[in-house]
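The residues making up each chain are set out below.
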Amino acid sequence: MTGPLAGLKFVEMVGIGPGPFAAMVLADLGAEVIRIDRIVPSGLGIERPVEFDFAARGRPSIALDLKRPEAVALSLDLIAQADGLVEGFRPGVMERLGLGPEPCLMRNPRLAYGRLTGWGQEGPLAPTAGHDLTYLALTGVLNAIGRPGDAPVPPLNLLGDYAGGSLMLVLGLLAAILSARETGRGQVVDAAIVDGVSLLSAPVRGLFAAGLHGETRGTSLLDGGAPHYDSYICADGRYLAVAPIEAKFRRELLEGLGFDPAGFPDVTHRENWPEARRLLAERIAGQTRDHWAERFAGSDACATPVLDFAEAQAHPHAALRGAYVRVGGVAQPAPAPRFSETPAGVPSPPQPRGSGADALSRWDIAPDRIAALQDLGALA
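Engineer: How would you explain the pattern of salt bridges if you had to name every residue and give the values?
Structural biologist: Applying the stated criterion to the full structure yields 18 salt bridges. Between Glu70 and Arg68 there is a salt bridge; the shortest N-O distance is 3.8 Å. Residue class for Arg68 comes out partly exposed when judged on its relative accessible area of 28%. Connected through shared salt-bridge partners, Asp236, Arg238, Arg289, Asp290 and Glu311 make up one network.

Below, the structure written as structure tokens:
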């Protein structure tokens, strides 16, 4: 393992979405992660061929029948060696399996026990199901995304599941591990997506409290309401994104578009927004997206072509930085962020469920015990 987290060990109780992504980030940065999967698939999530389950990369999978005490005992033996645990089940599931915080922290008092859920471990919504959009809806964030008069727009499932959920859990786990090194005591990390999304909205809520962000979506500076922070259709049907919030950057945009900045409507006054938008839309629509991309390349105009996934992967900036790597022959985003002294390596490909029983030897599980568990059907 290479990367800044080399030497740390984690046990991942395989769930869907944000839990695996959190474990992927840890593995990307060098931690040794072992996945404990079900012998029979849960039927949850979005099925795909294993090589395209990018969030499963970088770590082996063992499949256990956790209804058998021998499988639970093996799990506890692995957890006893780990710095942290990742689980994303509904509240109470791990306790019913005999793997709740109490037995795990008894075996490993320094453990960072990470729990990733939508609603958290308590509260009236805690036992109920949800997805990214569900959590955005109850934080007020979804209501702020979209055009005025239209329905709120789902922003993929990046904001809730992976930013408010996965990355908050990774932050919490690493904080708990640092705390355990000082105090000798582990703890439970309760990472609720609804909490994480609320935290992410703090800067915008500050603008709202100051009267600088409106209650109606699509009418403010950063939500597409301002003409100088939006995307515009070009002559070829593709789009150019413009985002020059600062005056000096707006001046560069306007000059690049062929406007005289001194005579252009002053967008610091909202009453000028409709006319400024009309002028920008008309001018940008007169040329292709790639024409504008070439015009503004290397400038501070904050004008960029709206690329699709394939175009983004092929962009010269991404190529120079090695932003995409081939894992098992399939191109996918490279580990991030970058480290000058302990760079992360290229992840190993996603492994089929239950194919990594040989990894148990690296966790000091004897070969005869592995064979016995397989004979019992407790280990696939």
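Next comes the rest of the write-up.
Engineer: I'd like a rundown of the layout of surface pockets, residues and numbers included.
Structural biologist: Considering only enclosed or pocket space, the second largest pocket measures out at about 790 Å³ in volume. Contributing to the lining of the second largest pocket are 22 residues, with Val141, Ala144, Ile145, Val204 and Asp223 lying nearest its centre. For the lining of the second largest pocket, the secondary-structure elements that each account for two or more residues are helix H7 (193-200) and helix H8 (202-209). In terms of residues, the lining of the second largest pocket owes the most to one element, H8, which gives three residues. Of the residues in the lining of the second largest pocket, the class split is 11 nonpolar, seven polar and four charged.

Engineer: I'd like to hear about the sheet that holds strand E1 (residues 9-13), residue by residue, with values.
Structural biologist: Judged by pairing direction, the sheet is parallel, and its six strands sit side by side in the order E3-E2-E1-E4-E5-E6 without closing on themselves. Looking at strand neighbours, the two that pair on one side only are strand E3 (61-64) and strand E6 (187-192), the edges of this open sheet. Strand-to-strand, the axes of this sheet are offset by a mean angle of 20°, without reference to chain direction. For strand E4 (residues 84-87) and strand E5 (residues 112-117), the ladder comprises four bridges, and the chain directions are parallel.

Engineer: A description of the side chain of Gln332 should follow, citing residues and the corresponding values.
Structural biologist: Tracing the backbone through its elements, the reader meets Gln332 in strand E11 (residues 330-333). Within the local environment of Gln332, its side chain forms a polar contact with the backbone oxygen of Val330, the two atoms lying 3.4 Å apart. Discounting chain neighbours no more than four positions away, the residues touching Gln332 are Phe54, Arg57, Ala323, Tyr324, Val325 and Val327.

Engineer: Quick rundown of the pairing of E5? Include the residues and the values.
Structural biologist: For E5, the buried fraction is high: six of the six residues fall into the buried class. Taking every second residue as pointing to the same face, both faces of E5 are buried, with Ala112, Gly114 and Leu116 on one and Tyr113, Arg115 and Thr117 on the other. Of the strand pairs in this sheet, E5 and E6 are connected by six bridges, and their pairing is parallel. Each residue of the ladder has a partner; that of Leu116, found in E6, is Ala191.

How each quantity is defined
Numbering of residues starts from 1 in each chain and follows the order in which that chain's sequence is written. In keeping with the model being predicted, local features are shown solely for residues with a pLDDT of at least 70 and side-chain atom pairs are shown and tallied solely at 80 or more, while totals for entire chains, interfaces and linings include all residues. Only hydrogens and water are removed before side-chain values are computed, so all heavy atoms of the structure are retained for them. Here a salt bridge means any side-chain nitrogen of Lys or Arg lying within 4 Å of a carboxyl oxygen belonging to Asp or Glu. Partly exposed residues are those whose accessible area sits between 20% and 50% of the maximum for their type, while under 20% is buried and over 50% is exposed, using a 1.4 Å probe and protein chains only. Only protein atoms enter the 1 Å grid used here. Points where a 1.4 Å probe fits but cannot escape make up a cavity, open sets with protein on both sides within 12 Å along at least five of seven lines make up a pocket, and a residue lines them when an atom lies within 4 Å of a point. Grid points are joined across faces, edges and corners, and a volume is the space filled by probe spheres set on the points. Strands are runs of DSSP state E lasting at least two residues, helices are runs of H or I lasting at least four, and both sets are numbered from the N terminus onward. Under this grouping Gly is polar, as are all residues other than the nonpolar Ala, Val, Leu, Ile, Met, Phe, Trp, Tyr, Cys and Pro and the charged Asp, Glu, Lys and Arg. We call two strands paired when DSSP finds no fewer than two bridges between them. In this analysis, axes come from line fits to C-alpha atoms, helices being fitted only over the stretch in contact, and the angle between any two N-to-C directions falls in the range 0 to 180 degrees. Pairing of N or O atoms within 3.5 Å defines a polar contact, subject to two protein rules: one partner must be a possible hydrogen donor and the other a possible acceptor, and residues neighboring in sequence count only if both atoms are side-chain atoms. Working rule for contacts: check all heavy atoms of both residues, and any pair within 4.5 Å makes them a contact.

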